[in-house]
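Descriptive analysis of the structure
The residues making up each chain are set out below.
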Protein chains: 2
Amino acid sequence: MGLTQLPKNPPSAAAQPPESCTELPAGNGLARGHLGVPPLAPRAPRAPRAVSPRRAAPAGAASFSLKHTEAVSVEVEAAGQAEAAPADGGRRWPLGKGTVLRLGMRQASAEAGDNKVRSGAAEARRPGVRAAPSRTAAGRSPARAARPQGSWTWGPEGQGAILLVNCDRESPALRGMGRPALAPASPPDLLDMSRMVLRTEGPPELPRGYQLVLHVAASDADKVGVFYVQNPSLGQRYVHVLGRRKLFHAVRYPGGGAELDFFVEGLRFPDAAFSGLVSIHVSLLETLAEGLPAAPVFTDTVAFRVAPWIMTPNTLPPVTVFVCSVKDNYLFLKEMRKLVDKAGCELKVCYGYMNRGDRWMQDEVEFGYIHAPHKSFPVVLDSPRDGGLKDFPIKELLGPDFGYVTREPQLEAVSSLDSFGNLEVSPPVTVGGKEYPLGRILIGSSFPTAAGRRMTRVVREFLYAQQVQAPVELYSDWLSVGHVDEFVTFVPSADTQGFRMLLASPAACYQLFREKQKEGWGEATMFKGEGAPRRVLSNEVMARHNQYAQRCIDWNRDILKKELGLTESDILDVPALFRMDSEGKAVAFFPNMVNMLVLSAHVGIPKPFGPVLEGECCLERHVRALLEPLGLACSFLDDVSSYHRLLGEVHCGTNVRRRPFRAPWWRGQP
Amino acid sequence: MGLTQLPKNPPSAAAQPPESCTELPAGNGLARGHLGVPPLAPRAPRAPRAVSPRRAAPAGAASFSLKHTEAVSVEVEAAGQAEAAPADGGRRWPLGKGTVLRLGMRQASAEAGDNKVRSGAAEARRPGVRAAPSRTAAGRSPARAARPQGSWTWGPEGQGAILLVNCDRESPALRGMGRPALAPASPPDLLDMSRMVLRTEGPPELPRGYQLVLHVAASDADKVGVFYVQNPSLGQRYVHVLGRRKLFHAVRYPGGGAELDFFVEGLRFPDAAFSGLVSIHVSLLETLAEGLPAAPVFTDTVAFRVAPWIMTPNTLPPVTVFVCSVKDNYLFLKEMRKLVDKAGCELKVCYGYMNRGDRWMQDEVEFGYIHAPHKSFPVVLDSPRDGGLKDFPIKELLGPDFGYVTREPQLEAVSSLDSFGNLEVSPPVTVGGKEYPLGRILIGSSFPTAAGRRMTRVVREFLYAQQVQAPVELYSDWLSVGHVDEFVTFVPSADTQGFRMLLASPAACYQLFREKQKEGWGEATMFKGEGAPRRVLSNEVMARHNQYAQRCIDWNRDILKKELGLTESDILDVPALFRMDSEGKAVAFFPNMVNMLVLSAHVGIPKPFGPVLEGECCLERHVRALLEPLGLACSFLDDVSSYHRLLGEVHCGTNVRRRPFRAPWWRGQP
């Protein structure tokens with residue numbers, strides 16, 4: 001952090017001219033002259049103060065000399081030439097127009113009469129990470145105070161500290177998140193917070209009339225909380241000193257060289273009305289006389305960015321699979337447990353008392369995380385959908401180091417597009433040179449010309465505001481349920497491409513059925529007797545409907561290719577058929593295989609029940625042929641009665657908490 | 001603009017498989033096969049469609065050949081090797097895994113059976129500027145539809161069209177700005193608008209079931225208006241077709257090659273809730289059958305940025321000087337007229353019937369302008385202050401090609417800091433490599449630790465949202481009136497630096513008075529008998545007060561140096577004295593010279609009435625010595641009785657409309 005320069009005059013010298021630098025050549029002026037001079041600090045050197053001797057010289061003077069104490073370094077710059085001035089003053093310089101004196105301190109000295117305070121602040125790091133200088137908030141300069149956001153920069157070389165939103169619940173006893181406002185911080189709370197160090201170095205005490213103050217702008221006060229140990233002798237009890245209704249806090253000046261440790265927590269996630277940047281200022285105030293307001297002598301600023309909420313794509317390894325137990329899905333649960341065991345992750349079953357008959361685990365919540373250099377933990381985004389699973393996230397997920405966030409519309413009606421089957425995220429991609437190291441969020445929306453359904457504004461705005469996974473809006477309103485997970489998903493691949501995008505494809509299904517018909521499977525019954533390739537191929541209405549579905553998917557395919565920088569070789573077409581419901585919206589005709597559960601190399605696919613010949617389903621065979629070469633093991637799960645008939649499939653009925661990205665979000669450039 | 005691909009199947013072939021590309025090798029498939037293929041366009045080539053022959057080949061096939069018409073270009077890419085396929089089909093390729101066909105059209109052909117539509121859109125330019133391709137909105141690709149803002153970029157190489165807010169008043173008859181909503185556009189209106197060209201090239205008419213639609217997102221609809229000529233045969237009557245409540249507009253497909261001219265106007269300036277970016281989409285919709293919703297076949301997008309409101313610094317040449325005529329400023333007006341004549345610009349006097357005794361012309365309005373490649377005109381920002389001059393901007397300024405904009409707080413109380421003497425702009429500066437080619441806005445504010453006065457939020461947010469003159473907030477609340485123009489201004493300089501920043505300086509005044517005392521002026525009466533150097537220097541209370549004032553100015557000096565990248569050599573200290581009023585806020589003791597009117601090389605300075613010896617005022621002499629070397633001619637105007645006694649000076653009582661910057665704002669990088 002930058003340096004504070006103390007009073008250019010000691011208060012006693014009040015009647016003296018205020019800008020003592022102009023006194024320089026006038027002898028005793030020197031004594032005061034260097035008071036205004038900050039010591040050259042190791043961590044944040046500040047340009048020595050430049051003074052024009054002409055402003056000080058008697059009118060008509062043509063040259064000057066100067067004396068100074070050893071502690072002061074004086075450089076004379078004339079006509080671009082810089083030269084150190086000897087302390088004894090045995091040297092004269094011409095009083096040229098451009099002549100400038102540069103004053104600095106050789107070392108900090110601690111006499112009270114010398115009046116130096118040096119304050120450094122805010123390493124948003126625990127000691128372990130403190131090493132990474134590019135990410136400490138140090139090196140802020142007073143000027144930044146006027147434009148704090150300027151002092152937080154993205155990228156590997158980026159500068160600026162990071163805050164975590166206190167959105168977990170340290171004590172299971174507590175209801176809701178965080179701490180009751182203004183309550184003292186508990187040790188676990190402190191571990192989530194960013195440390196802010198205020199360094200002071202100077203005289204044993206501040207001269208009369210000086211005050212060191214921490215402050216935040218009113219507009220930032222509801223986004224940040226600062227805690228400070230109340231009385232070290234009485235154990236580490238940290239009390240709330242800044243933020244919320246407290247706009248400033250007078251710091252007890254410890255005297256001499258000292259480090260004051262503050263702890264800072266975030267209170268809000270970035271949002272439409274909040275960029276995520278918060279600034280904390282430290283100012284040295286001077287009261288020159290009774291009745292006069294304090295004057296700022298110096299201000300320094302630390303900029304924090306609140307860590308964004310980040311989603312985890314299918315390509316990240318699973319930690320826990322969540323599924324609901326309902327009256328009719330016992331067999332499904334058994335198959336699911338097999339799959340999860342194969343994948344070597346944990347299965348958590350949500351039982352009736354909690355799901356109240358709501359089986360759509362995918363739709364109620366989205367799992368993500370937040371990440372700072374000192375800490376990272378999962379955070380669940382709760383959908384405004386609020387079905388039977390309504391209480392699940394707060395009652396079962398929120399806890400110590402497990403955060404919770406939600407966005408509820410005030411007036412807007414909630415639609416099926418607000419369920420989080422309609423919120424997915426791609427693997428990391430590069431689009432025309434631009435990198436998305438955390439992938440891009442995919443949201444299903446209505447086609448703009450039709451006043452259709454759309455994800456509610458507050459949730460969309462929240463997702464955009466996180467910045468690091470720039471959302472892409474797709475067209476999903478052509479579907480009855482209207483979720484993106486009904487036509488697109490991503491699977492990891494063992495090859496160099498790293499993943500494939502899978503799209504539901506009526507075209508591929510027709511193509512396959514035509515081949516099978518030629519091969520003599522025309523009458524092979526499919527989907528438990530509800531059809532046969534011949535009957536499907538000869539059904540003109542169905543063809544028209546699927547042609548329409550294909551158009552809608554093709555339009556999304558174009559957007560996905562451009563926005564994710566994909567080529568045809570990154571895309572696999574998964575056979576699917578759709579039918580139209582009474583409202584002219586599409587629903588899957590047979591179990592929609594693209595709606596799969598991806599657990600590393602193990603994928604759980606809705607069993608399609610396609611045309612069977614010689615005991616094998618040609619749809620399953622086709623999909624195996626697509627996925628097994630990528631190193632994936634396919635399990636086909638029967639979800640017909642328990643999910644498909646209710647217009648969902650395997651993916652809609654499950655949810656996965658995955659390991660977070662290793663790449664820090666702040667290294668990227670949104 | 002990109003290309004539209006037409007139906008992959010003619011509607012008649014509805015019962016055919018939807019993805020006709022998969023038909024390719026199947027012979028007549030070719031006829032349909034290339035329907036999906038866009039012609040390779042000169043302006044916006046689109047990657048030819050890639051098709052995997054394997055998806056089309058009979059199961060087990062090991063190689064394939066293909067025929068195609070001359071109009072089609074087919075490339076076979078196998079194992080990274082690309083090769084053009086002869087039309088006659090006399091060539092076989094292995095059916096390898098990675099084998100891909102790339103299809104393109106050699107030229108656009110216009111048989112109806114051929115079904116191609118090519119649409120290009122939006123040159124936000126009049127012919128004159130159309131030359132600059134980097135600034136046309138052309139070359140947008142369908143994918144951008146999902147992320148229109150991605151398609152507007154800053155800088156010399158930047159892309160994207162520009163809109164002007166229709167904030168002037170074409171007909172003097174009209175009250176208020178713009179046009180009554182949805183009224184047809186008048187020819188002068190059209191001249192302010194950006195032209196958007198929709199190019200089509202294809203068959204004489206669209207096949208049954210196809211529709212070309214212009215549309216905007218609901219969130220953009222209140223920010224843009226689109227006009228189209230109603231019936232060319234009945235003269236150029238342009239009617240409102242898109243925007244406000246109209247979310248889409250079905251375009252009459254003209255057939256063959258055609259250009260449809262639309263005209264686009266902006267309706268809102270950038271603001272906290274509006275980035276300034278607006279997107280207009282064109283989509284080709286396909287209705288496959290009765291009862292089915294239309295499916296989007298293709299979407300293309302044009303991104304417009306609404307031109308920001310831009311302020312003009314003192315370094316730009318004046319066009320018109322505005323001043324009020326009030327009962328007691330007759331002599332001041334005479335002096336002002338002399339100065340304006342010298343500067344060779346125009347003087348506009350606002351008389352009593354309009355100013356209703358309000359003489360603070362600086363405080364009621366701020367002059368700026370908006371700029372697009374096809375047009376630029378002045379726009380006045382009206383302050384929420386609303387004194388006697390309240391009606392002046394709308395009644396006297398708003399008119400043809402003279403725009404008006406204002407921001408009024410809903411609840412917040414308006415303070416003196418909302419007057420535009422508290423809103424200034426620096427000359428162009430470069431700060432540590434970062435360029436501000438239009439300078440930076442300066443706003444006076446309160447010091448954060450004190451719950452002081454601050455410019456009202458809506459105005460501050462408006463100023464920040466313009467982006468191109470990134471505001472700097474200073475500390476002006478220590479002054480009774482609280483305006484930045486009480487302690488800082490900028491003057492042009494004939495030298496290479498181009499300008500100097502002038503700061504009010506009690507220090508410089510004390511310094512000067514001490515010298516004069518030594519020279520024997522101690523008793524020279526100043527300021528019409530209200531003081532003398534000796535009396536000033538010996539007044540301890542006054543010294544304390546000015547020491548305080550100096551502190552506040554020094555704090556601002558630090559911020560200005562950092563935020564504007566200035567060195568001491570860019571700064572001149574103008575002698576000033578302050579006294580404290582009953583509320584402990586500072587007011588000028590003698591006329592505050594820094595509050596000057598700058599008209600190119602002619603500056604009108606408040607006459608300070610300083611110590612006079614041998615008929616000359618030492619303050620005037622001092623300031624001449626500072627400014628004349630820069631090539632400035634100083635006129636000292638007596639404003640004591642007419643302005644100074646009322647806590648204002650020359651600058652507060654005047655306002656200037658200046659010539660806009662030549663540099664286009666979109667060339668910069670905010």
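Residues numbered from 1 in each chain as written. Chains lettered and ligands numbered in written order. Predicted model: local features only at pLDDT ≥ 70, side-chain atom pairs only at ≥ 80, totals over all residues. Heavy atoms only, no water.

What counts, and what does not: UniProt positions are given in the numbering used here, feature names are shortened, and annotations may be inferred rather than shown by experiment.
For chain A, an unreviewed UniProt entry supplies the name Protein-arginine deiminase and the organism Nothoprocta perdicaria. Check the Cofactor (unreviewed entry) section of the UniProt entry for chain A; it says "Ca(2+)". Taken from UniProt, the Catalytic activity (unreviewed entry) comment for chain A reads in full: "L-arginyl-[protein] + H2O = L-citrullyl-[protein] + NH4(+)".

**As for the sheet that holds strand β26 (residues 441–445) of chain B**
Residue and element names in this part refer to chain B. The cut-off we apply is this: What makes two strands pair is DSSP finding at least two bridges between them. By the criteria applied, helices consist of DSSP H or I runs no shorter than four residues and strands consist of E runs no shorter than two, each listed in order from the N terminus. Interaxial angle, 0 to 180 degrees, is taken between N-to-C directions of lines fitted to C-alpha atoms, where a helix line uses only the stretch in contact. Any two residues having at least one pair of non-hydrogen atoms within 4.5 Å are treated as being in contact.
The sheet built from three strands is open, its strands ordered β23-β26-β27 with mixed pairing. Each edge of the open sheet is held by one strand with a lone partner, namely β23 (423–425) and β27 (472–475). Going from strand to strand, the sheet's axes swing by 35° on average, the running direction of each strand aside. Packing against the sheet, helix α9 (residues 457–465) makes contact with β23, β26 and β27, and its axis sits at approximately 160° to β26. Of the strands in this sheet, β26 and β27 are in contact with helix α12 (residues 540–564), which crosses β27 at around 165°.

**Comments concerning the sheet that holds strand β8 (residues 161–163) of chain A**
Residue and element names in this part refer to chain A. Pairing in this open sheet of five strands is mixed, and the strands run β8-β16-β15-β10-β13 from one edge to the other. Only two strands of the sheet have a single partner each, and these edge strands are β8 and β13 (248–251). Strand-to-strand twist across the sheet, computed as the mean angle between neighbouring axes with direction ignored, equals 30°. Here β8 runs beside strand β16 (residues 295–306); their pairing, made up of three bridges, is parallel. Directly across from leucine 163, in β16, lies its bridge partner valine 306.

**Quick look at empty space enclosed by the protein**
This is how it is decided: Using a 1 Å grid laid over the protein atoms alone, points where a 1.4 Å probe fits but cannot get out form a cavity; open sets with protein on both sides within 12 Å along at least 5 of 7 lines form a pocket; any residue with an atom within 4 Å of a point counts as lining. Grid points are joined across faces, edges and corners, and a volume is the space filled by probe spheres set on the points. Gly is placed with the polar residues, together with every amino acid not listed as nonpolar (Ala, Val, Leu, Ile, Met, Phe, Trp, Tyr, Cys and Pro) or charged (Asp, Glu, Lys and Arg).
Within the structure shown, the criterion is met by 13 cavities of 30 Å³ or more. Roughly 250 Å³ of internal volume is contained in the largest cavity. What lines the largest cavity is a set of 22 residues, among which Asn314, Gln362, Glu424, His651 and Arg658 of chain B lie closest to the centre. Of all the elements in the fold, those that place two or more residues in the lining of the largest cavity are β20 (365–372), β23, β28 (488–492), β33 (597–599) and β38 (654–658) of chain B. The dominant element in the lining of the largest cavity, judged by the number of residues it contributes, is β38 of chain B, at four residues. Here the lining of the largest cavity is built from residues that sort into ten nonpolar, eight polar and four charged. Its boundaries defined by the atoms lining it, the second largest cavity holds a volume of some 170 Å³. Forming the walls of the second largest cavity are 17 residues, and the residues nearest its centre are Asn314, Glu424, His651, Asn655 and Arg658 of chain A. Elements with a minimum of two residues in the lining of the second largest cavity: β20 (365–372), β23 (423–425), β33 (597–599) and β38 (654–658) of chain A. It is β38 of chain A that provides the largest number of residues to the lining of the second largest cavity, a total of four residues. Of the residues in the lining of the second largest cavity, the class split is eight nonpolar, six polar and three charged.

**Some details on the pattern of salt bridges**
This is how it is decided: Put simply, a salt bridge is a Lys or Arg side-chain nitrogen that is within 4 Å of an Asp or Glu carboxyl oxygen. Partly exposed describes any residue whose relative accessible area lies between the buried limit of under 20% and the exposed limit of over 50%, with all areas from a 1.4 Å probe on protein chains only and scaled to the type maximum.
Taken as a whole, this structure holds 60 salt bridges over all chains when the rule is applied. One salt bridge connects lysine 607 of chain A with glutamate 620 of chain A, and the closest N-O pair in it is separated by 2.6 Å. With lysine 607 of chain A in the loop between β34 (602–606) and β35 (612–613) and glutamate 620 of chain A in helix α12 (residues 618–627), this pair connects stretches of sequence that are 13 residues apart. We classify lysine 607 of chain A as partly exposed; its relative accessible area is 24%. Overall, glutamate 620 of chain A belongs to the buried group, its relative accessible area being 10%. Taking the shortest distance from any N to any O, the salt bridge between lysine 395 of chain B and aspartate 391 of chain B comes out at 3.9 Å. Ionic contacts of the salt-bridge type, sharing partners, join the residues Arg356, Lys390, Asp391 and Lys395 of chain A into one network.

**Here we look at the side chain of asparagine 329 of chain A**
All names here are of chain A. So the rule is basically this: By the criterion applied in these results, polar contacts are pairs of N or O atoms within 3.5 Å in which, for protein atoms, one can donate a hydrogen and the other can accept it, and in which residues neighboring in sequence qualify only through two side-chain atoms.
Among the secondary structure elements, asparagine 329 is positioned in the loop between β18 (318–324) and α4 (330–343). With a relative accessible area of 1%, asparagine 329 lands in the buried category. A distance of 3.1 Å separates a polar atom in the side chain of asparagine 329 from a polar atom in the side chain of tyrosine 643. Residue contacts for asparagine 329: discarding those within four places in its chain leaves Cys324, Ser642 and Tyr643.

**Comments concerning helix α11 (residues 540–564) of chain A**
Working note: α-helix, 3.6 residues per turn, so residues spaced by three or four point in the same direction. Residues and elements named next belong to chain A. Definition in use: A helix's residues, less one, multiplied by 1.5 Å, set its expected span.
The first and last C-alpha atoms of α11 sit 35 Å apart over 25 residues, in line with the 36 Å expected at 1.5 Å per residue. With 20 of 25 residues buried, α11 is to be regarded as a mostly interior element. The N-cap of α11, judged by a side-chain oxygen 3.1 Å from the amide nitrogen of valine 541 a few residues on, is asparagine 539. Glycine 565 sits one or two residues past α11 and shows a positive phi near 60°.

**Describing the environment of glutamate 346 of chain A**
Residue and element names in this part refer to chain A. Positionally, glutamate 346 belongs in strand β19 (residues 346–350). Residues glutamate 346 and proline 318 lie 28 residues apart in sequence; the distance between their C-alpha atoms is 8.4 Å. The residues contacting glutamate 346, other than those within four sequence positions of it, are Val319, Thr320, Val321 and Val340.

**Digging into the environment of arginine 195 of chain A**
Residue and element names in this part refer to chain A. Turning to its location among the elements, arginine 195 is positioned in strand β9 (residues 194–201). Taking the C-alpha atoms as reference, arginine 195 lies 69 Å from glutamine 517; in sequence the two are 322 residues apart. At 2.9 Å, the side chain of arginine 195 and the side chain of aspartate 261 are in polar contact.

**Concerning the confidence of the model for chain A**
Residue and element names in this part refer to chain A. Our working definition: pLDDT expresses how confident the predictor is about each individual residue, on a scale running from 0 to 100.
Considering every residue of chain A, the mean pLDDT works out to 80; 75% of them sit at 70 or more. The low-confidence segment residues 1–61, where pLDDT is below 50, has 175 contacts with residues more than four positions distant or belonging to other chains. pLDDT under 50 marks residues 102–150. Its contacts with residues more than four places away, or in other chains, come to 186 contacts. Across the interface, the model reports ipTM at 0.75; the global pTM reads 0.79.

**What to know about the domain arrangement of chain A**
Residues and elements named next belong to chain A. Under the convention used in this document: For the domains described, the bounds stem from an automatic or database domain assignment. Simply put, the buried area is the total loss of 1.4 Å probe accessible area from both parts when two parts are fitted together.
According to the domain assignment, chain A contains domain 1 (2–45 + 142–306) and domain 2 (310–667). A combined buried area of about 2200 Å² lies between domain 1 and domain 2, and 63% of that area is made up of carbon and sulfur atoms. It is Leu164, Arg169 and Phe269 in domain 1 that bury the most area against domain 2; as a group they hold 27% of the surface buried on that side. Remark: the boundary between domain 1 and domain 2 carries two salt bridges. Note that arginine 407 and aspartate 271 form a salt bridge whose closest N and O atoms lie 2.7 Å from each other. The interface formed by domain 1 and domain 2 holds eleven residue pairs in polar contact (both at pLDDT 80 or more) in total.

**Re the packing of aromatic side chains**
Rules: Only the six-membered ring of Trp is used, alongside the rings of Phe and Tyr, when aromatic pairs are assigned; centres must lie within 6.5 Å, and planes under 30 degrees apart are stacked while those over 60 apart are edge-to-face, with the rest tilted. Both a distance and an angle decide whether a charge sits over a ring: NZ of Lys or CZ of Arg must be within 6 Å of the ring centre and within 35 degrees of the ring normal.
In total, this model carries 34 aromatic pairs over all chains according to the counting rule given. Both rings, one in tryptophan 152 of chain A and one in tryptophan 154 of chain A, keep their centres 5.1 Å apart while their planes meet at 75°; by these two values the pair is edge-to-face. Each member of the pair, tryptophan 152 of chain A as well as tryptophan 154 of chain A, carries the same accessibility label: buried. Seen from their ring centres, phenylalanine 322 of chain B and phenylalanine 392 of chain B are 6.0 Å apart, and the 70° between their planes marks the pair as edge-to-face. One end of the pair, phenylalanine 322 of chain B, is in strand β18 (residues 318–324); the other, phenylalanine 392 of chain B, is in helix α8 (residues 392–397), with 70 residues separating them in the sequence. The pair phenylalanine 322 of chain B / phenylalanine 392 of chain B is uniform in exposure class, with both members buried. Each member of the aromatic cluster is reached from another via a ring pair, and the members are Trp152, Trp154, Trp665 and Trp666 of chain A. Over the face of the ring belonging to tyrosine 643 of chain B we find arginine 359 of chain B, whose NZ or CZ atom lies 5.9 Å from the ring centre.

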